[in-house]
Protein chains: 4
Amino acid sequence: MGTRRFEAPDNTELDQLYADVAEADLQPLWMLEGLMTTTPDVRPRSHIWRWKDLRPLAERCGELVGISRGGDRRVLSLVNPNLGGKPYATSTLWGAIQYLKPGEVAPAHRHTPGALRFVLEGSGVWTRVEGDAVAMAPGDLVLTPSWVWHEHHNSGDAPMIWFDGLDHPLVDSLDAIFFEPGPDAEVPREVPDRSRSEVLYAAAPGLVPVGERPPAFHSPLYAYRWHDTDRALDQLLLADPSSAVALRFADPTTGGDVMATMRCEMHRLPAGSSTLPTRVVGSSIFVVFSGACTIDLEGVRTTLVAGDMVAVASWSEWSFAATERCDLFRVSDAPVIEALGLSRATTSDH
Amino acid sequence: MGTRRFEAPDNTELDQLYADVAEADLQPLWMLEGLMTTTPDVRPRSHIWRWKDLRPLAERCGELVGISRGGDRRVLSLVNPNLGGKPYATSTLWGAIQYLKPGEVAPAHRHTPGALRFVLEGSGVWTRVEGDAVAMAPGDLVLTPSWVWHEHHNSGDAPMIWFDGLDHPLVDSLDAIFFEPGPDAEVPREVPDRSRSEVLYAAAPGLVPVGERPPAFHSPLYAYRWHDTDRALDQLLLADPSSAVALRFADPTTGGDVMATMRCEMHRLPAGSSTLPTRVVGSSIFVVFSGACTIDLEGVRTTLVAGDMVAVASWSEWSFAATERCDLFRVSDAPVIEALGLSRATTSDH
Amino acid sequence: MGTRRFEAPDNTELDQLYADVAEADLQPLWMLEGLMTTTPDVRPRSHIWRWKDLRPLAERCGELVGISRGGDRRVLSLVNPNLGGKPYATSTLWGAIQYLKPGEVAPAHRHTPGALRFVLEGSGVWTRVEGDAVAMAPGDLVLTPSWVWHEHHNSGDAPMIWFDGLDHPLVDSLDAIFFEPGPDAEVPREVPDRSRSEVLYAAAPGLVPVGERPPAFHSPLYAYRWHDTDRALDQLLLADPSSAVALRFADPTTGGDVMATMRCEMHRLPAGSSTLPTRVVGSSIFVVFSGACTIDLEGVRTTLVAGDMVAVASWSEWSFAATERCDLFRVSDAPVIEALGLSRATTSDH
Amino acid sequence: MGTRRFEAPDNTELDQLYADVAEADLQPLWMLEGLMTTTPDVRPRSHIWRWKDLRPLAERCGELVGISRGGDRRVLSLVNPNLGGKPYATSTLWGAIQYLKPGEVAPAHRHTPGALRFVLEGSGVWTRVEGDAVAMAPGDLVLTPSWVWHEHHNSGDAPMIWFDGLDHPLVDSLDAIFFEPGPDAEVPREVPDRSRSEVLYAAAPGLVPVGERPPAFHSPLYAYRWHDTDRALDQLLLADPSSAVALRFADPTTGGDVMATMRCEMHRLPAGSSTLPTRVVGSSIFVVFSGACTIDLEGVRTTLVAGDMVAVASWSEWSFAATERCDLFRVSDAPVIEALGLSRATTSDH
């Protein structure tokens, strides 16, 4: 290299220089460690939460804490212990469980972080999205995208628990959080079986209403029904009943992801099937919806049952093996990674 | 609201609940402050660095610190004092000055964070980008995009100082940092006036070579010359010589931004002109290239001269007024904000 | 204007000039009439074909003409009498009825003109598209896009009649016709209820299989089922049962049209409803699938019943009024007009 | 195949059937010849026009025919003798030469067919495009896209001849011709060196003005200057001075073609160089701007000199060999063929 060798400079001079540099709100790059790493130095390592812990805690919160007390929502957020105490599951994704008891209302508001709900248990709840009442049942995926008014009502007689996925860490890191509380909700007498969103955009695959203008950055379809997802997975399995299959939840008007910031998928692993060890740039949260499996995550094998949740950090290697037929919901930041040209993946056949 | 009123629960019970919640790596949403704010709670407030500080410090580093010691580069990074000591100018942008002395070589490497160089002073330096030697001179914008090999050589007899802009904070927050050191560089005997990149993509406006395949996520043009930028700004001023004008640096094959993560612009403010108070979601760094102006930033007026640098945080209000003709280079994260559907702006005529 | 007045030149000189111009394979623009018209001088005026004529003729062809004699297909093409004898319904669209008897096979071939089938009557037929067996029933829309292998089999015991729509006139005008005969088809023992295309892309609205690569210029979904279309139209009517509704058949992976050259729609007009007089650039063929209505076309009112077909020329004004509930299939060249920037429409409330 | 063998039916019955079919405005597909051909049955074979014929005829028209007489324009259109007498060079492209004498004005109008001008000879002319005065000189490409007001003025003291390329045949085949005459033009006192379009969009490669909204279906840059094109070609040749090079004229804000319907290119063949035999779907017109070459077209070799024009039909094979350095302007319908998914090409190394 063409650089001249330096005499070791007088330490006093150097110390004074570094002091002056700091005083001027500067840092010398060469004194910084770990800025550029061979592979991502991912602080939030992958982490697992157990349904056997989550469910009873949610129930106890339901007994002891009202919604009015709860910042509008009774939510327990997944805290990745490697993220410095922040209520985040990964660097870009918020995961949580939400618990809503019969007769309760989580009042209307909107915020720039986009949210999605994957229902785990219960009945009788509906979410109003931009005025459109959307019924919720286990296995349903319900969207409340960025800056869209939403509120939750439990008109039934059982509590409901769902998984919340948000892009809050990402939107926060972009300093783009806006929030607005809504007016008190009038409770409608009856909730239609199908929301207007479903009437328009889920009538049938590949049919879109003439004359509608869907929104720009998220799916106009606010609910993806378990009945549909379940049947679609079964159909995919017909071709090869012993291999894992997966569906992506898509905007029916563009084929794009449900939001500009989050991708949702449903994976079905037949008993005995497994997936290849995989690493990708970007993070995911997996929620076991039914069945049981093991996950090999960063070299450690763990057994998972329904309701368990796994935060997979960027560039962590994972694979699944189903001990019985197993359905996995996945939310990831893949659309962000792809839009910014940062995609990278390895799939290995160890 | 339909929620039942709660009796104040026994504090012991609540305390035990919260302890158990924390034990399970969870946090109750209702105990968290400031998660959702009316407008962004931007931790890195806007900040200003002065050329009268930057330049002498860079020079002293040149005297005392060699490149070999310098983590490959002699770089002083702008540290926004509101970012907890991180070497970042804003939440998404890295800003720095780099100093390269005659005969020095900053050796080849590549990394997923994209970088751009806006030359402030000096001559005789050229940057090799994917093997293509790109000469550098004051006012030039030179790109070294994500995962592209690059190295800097000073073959002249004067030091060069340039501004470095990187998307490092963003790529780091996405856990997507990869780095690879390059082989030792052979120094080419002579550097062509025009790089191959310029021959292919800067021959003339709107002319693109048949049969070339430009890259997907960044401009194939690695250098935007000050001679061109200067003349283009002058031309824009002809229509109305008293109003500020601005150019965006674009990918000549798509019209998109120079990188998927960063937008670059050059603003020229005629003496006496001013800009309207503006706030946008997303952050910027402004570098005064020539002339003098004042900036009203978050209600505080400051005088700026050539070489001064300003980090403008998301949703901070700013406006400029030129005391003499003034040229401002700007880099921002606008492409990210737009791609994710988070754009918002106010422009007010106070 | 700055033009000089001319003396009337000697006719002999002019005649000689024009003769020399013609000899050189040139024409003087100023001698040409009707090159540039205020509005399109549409040669193929709109035209109507009657089911009471079409059906018996198709049946007689079935009795007298075999498939082997039939250029691979037993097809009667709609001839717009204003198109100089060409077998075209409009300037860009081919329309036809095809008739396939029990036991018959229309053998495999492929061609660059894209084709679609809208089934009018019959059962027991399936079309093999790229090896994928697609069952056909009345009301189904089946695609055989550009350069895709296809063949038709009637394994049932009744004849089937369907409407054929092709972009043949357009592709021919672009000198882009390619054709290839296929190998003799083995008849599969049994045809699955759902084609592979439907398993993958019609499992449910907004669900797309992970890991598939859909084609670039047409929908990967080859069949849109009447059961779905019918139900979707009914759902749209729930909001306002007295107004016409319409669905567009879309590529479920992009939201785009079924082909780059043709748009398909299904319109349902409740009894007593009508549509506003409309003119658009580009042409359409309407096929009455059920019910009865009147069409006001270029100022003439005509009664239509199931099976009737209407070619609507570019810039012709039309409106429908339903005397009883009426379902209309429509194919148009709208994607072409839109892609080339030639869209124009008027809708008037006379 | 599964078709039954037919007894030869009674001819009378068949004759009656065919008569009835024709009476019902139908045609039997199996009686039609040449609908689907193995490769395009291109009616307009390739054709060549000679400058030694074109130029004198244009001059004689200038002497004998005034603009007022000339349908607004003094234009001799290239008539491909294989196109049934239509004034078209290929199935989709209009080619012509236009001749404008000193003091003449071709008055303002607009039409949906897009037009482009490639200047062959002369000086002193400027074209007003949407009010923007655009000077013209030999080698310049000037755009007057679809539905854009335009007029031509010769303020100099020499006549000008340019090549006109239009998408008229295509737009006509889509029944999308609209035309509107403009008001009489006021002649501006002086024409600026650079049009507003060039100030905004041709300031420098990759620089676009902030705050402008370019149009949707064509380049906002109305002039591409020979000075730029010439220099750009020279630069491309530096890498390999003995091989042909080519540039595409692009929309500087999108990288797309100059219009949605036409692609323009400039090819430079060094003396002794040649191109590989090529066939593509879609048609082109080549105009020799300078130098000399031979073209092998459909197996026939012809010598070409400056001003000669060649219409190359779809799927015709062509190659060039330069006897001296040769510059070729090319306009083609490639954007249409590509947008509709009909692209196909062969390049062979005989």
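Residues numbered from 1 in each chain as written. Chains lettered and ligands numbered in written order. Predicted model: local features only at pLDDT ≥ 70, side-chain atom pairs only at ≥ 80, totals over all residues. Heavy atoms only, no water.

(A) Molecular detail of the interface of chain B and chain D. Opposite the 33 residues of chain B that make contact, chain D presents 33 residues. Together chain B and chain D conceal approximately 2,600 Å² of surface at their shared face, both sides included; 66% is due to carbon and sulfur atoms. It is B:Pro205, B:Leu207 and B:Gln235 that lose the most area in chain B upon contact with chain D, and together they represent 23% of the buried surface on that side. Our count for the contact surface shared by chain B and chain D stands at zero salt bridges. Among the secondary structure elements, those contributing two or more residues to the side of chain B that touches chain D are helix H4 (196-201), strand S13 (207-209), helix H5 (226-239) and strand S15 (245-249) of chain B. Looking at which element gives the most residues to the side of chain B that touches chain D, the answer is H5(B), with seven residues. Within the side of chain B that touches chain D, the residues separate by chemical class into 21 nonpolar, six polar and six charged. (Contact = heavy atoms within 4.5 Å. Buried area = accessible area lost by both parts, 1.4 Å probe. Salt bridge = Lys/Arg side-chain N within 4 Å of Asp/Glu carboxyl O. Helix = DSSP H or I, 4+ residues; strand = E, 2+ residues; numbered from the N terminus. Nonpolar A, V, L, I, M, F, W, Y, C, P; charged D, E, K, R; others polar.)

(B) Molecular detail of the side chain of A:His153. All names here are of chain A. Secondary-structure assignment places His153 in strand S10 (residues 150-154). Look at His153 and you get buried, because its relative accessible area is 2%. Within the local environment of His153, its side chain forms a polar contact with the side chain of Glu151, the two groups lying 2.5 Å apart. (Buried < 20%, exposed > 50% of the residue type's maximum accessible area, 1.4 Å probe, protein only. Polar contact = N/O pair within 3.5 Å; in protein donor to acceptor, adjacent residues only side chain to side chain.)

(C) The relation of the copies chain A and chain B, seen in detail. After a rotation of 180 degrees and a shift along the axis of 0.0 Å, chain A superposes on chain B with an RMSD of 0.0 Å. Both copies are brought into coincidence by an operation consistent with a two-fold rotation axis. Residue by residue, 100% of the interface of chain A is reproduced at the interface of chain B, so both copies engage with the same surface. (Least-squares fit on C-alpha atoms with pLDDT ≥ 70 in both.)

(D) Spatial organisation of the interface of chain A and chain B. With 99 residues of chain A at the interface, the matching set in chain B holds 99 residues. At the boundary of chain A with chain B, total buried surface from both sides reaches about 8,500 Å², with 66% on carbon and sulfur atoms. Contact with chain B buries surface across chain A, with A:Trp30, A:Met36 and A:Asp175 losing the most and accounting together for 9% of the total. In this assembly, chain A and chain B are joined by two salt bridges. At the junction of chain A and chain B, the tally comes to 24 residue pairs in polar contact (both at pLDDT 80 or more).

(E) Seen up close, the packing of aromatic side chains. Under the defined criterion, the tally for this structure stands at 44 aromatic pairs over all chains. Their ring planes at 75 degrees and their centres at 5.2 Å tell us that D:Phe118 and D:Phe289 sit as a pair that is edge-to-face. Linking D:Phe118 in strand S6 (residues 115-121) with D:Phe289 in strand S18 (residues 284-290), this pair joins segments that are 171 residues apart in sequence. On the accessibility criterion, D:Phe118 (0% relative accessible area) is buried. Each residue in the set A:Phe118, A:Phe163, A:Tyr224, A:Trp226, A:Phe249, A:Phe289 and A:Phe329 is aromatic and connected to the rest through ring pairs, giving one cluster. Above the plane of the ring of B:Trp147 lies A:Arg344, whose end atom (NZ or CZ) is 4.2 Å from the centre. (Phe/Tyr/Trp six-rings, centres within 6.5 Å; stacked < 30°, edge-to-face > 60°. Lys NZ or Arg CZ within 6 Å of the ring centre and 35° of its normal.)

(F) Summary view of the relation of the copies chain B and chain D. Between the two copies, chain B and chain D, the superposition gives an RMSD of 0.1 Å; the rotation angle is 180 degrees and the shift along the axis is 0.0 Å. Most of the interface of chain B is mirrored in chain D, where 100% of its interface residues are also at the interface.

(G) Spatial organisation of the pairing of strand S11 (residues 160-166) of chain C. All names here are of chain C. Of all seven residues in S11, seven are buried, a share of seventy percent or more. Here S11 shows no split at all, with Met160, Trp162, Asp164 and Leu166 on one side and Ile161, Phe163 and Gly165 on the other all buried. As judged from the seven bridges shared by strand S4 (residues 94-100) and S11, these two strands associate in the antiparallel manner. Its bridge partner being in S11, Ile97 is matched across the sheet by Phe163. Examined bridge by bridge, strand S6 (residues 115-121) and S11 share six bridges and lie antiparallel to one another. Directly across from Leu116, in S11, lies its bridge partner Gly165. (Pairing = 2+ DSSP bridges.)

(H) Up close: the sheet that holds strand S18 (residues 284-290) of chain C. In space, the seven strands of this open sheet follow the order S13(A)-S15(C)-S16(C)-S23(C)-S18(C)-S21(C)-S2(C), with antiparallel pairing throughout. The sheet is open, and its two borders are formed by strand S13 (207-209) of chain A together with strand S2 (47-49) of chain C, each paired with just one other strand. Going across the sheet, the axis of each strand differs from the next one's by a mean of 25 degrees, ignoring polarity. As paired strands, strand S15 (residues 245-249) of chain C and strand S16 (residues 263-269) of chain C are joined by four bridges and run antiparallel to one another. If you follow C:Leu247 over to S16(C), its bridge partner there is C:Met266. Against the sheet, helix H5 (residues 226-239) of chain C makes contact with S13 of chain A together with S15, S16, S18 and strand S23 (326-332) of chain C, and its axis sits at roughly 140 degrees relative to S15(C), the strand it touches most. (Axes fitted to C-alpha atoms, helices over the stretch in contact; angles between N-to-C directions.)

(I) Region of interest: the environment of D:Arg45. Residue and element names in this part refer to chain D. Here Arg45 shows up in the loop between strand S1 (26-28) and strand S2 (47-49). Since its relative accessible area comes to 31%, Arg45 is described here as partly exposed. In this structure Arg45 touches Asn80, Asn82, Glu298, Ala313 and Ser316, once residues within four positions along its chain are discounted. In terms of polar contacts, Arg45 uses its side chain to reach the side chain of Glu298, at 3.0 Å.

(J) Examining the packing of helix H1 (residues 11-23) of chain C against helix H2 (residues 51-64) of chain D more closely. Look at H1(C) against H2(D): their axes get within 11 Å of each other, and the N-to-C directions meet at 155 degrees. Considered as vectors, H1(C) and H2(D) are oriented roughly antiparallel to each other. In this structure, H1(C) meets H2(D) at a crossing whose hand is left-handed. Between H1(C) and H2(D), the contacting residues are C:Glu13, C:Leu14, C:Gln16, C:Leu17, C:Asp20 and C:Val21 on the first element and D:Leu57, D:Arg60, D:Cys61 and D:Leu64 on the second. (Parallel < 35°, antiparallel > 145°, perpendicular 65-115°, else oblique. Left-handed = near helix turned anticlockwise from the far one by under 90°.)

(K) Representation of the arrangement of the chains. Nothing in chain B touches chain C; the tightest C-alpha to C-alpha distance between them is still 18 Å. The least C-alpha distance between chain A and chain D, which are not in contact, is 18 Å.

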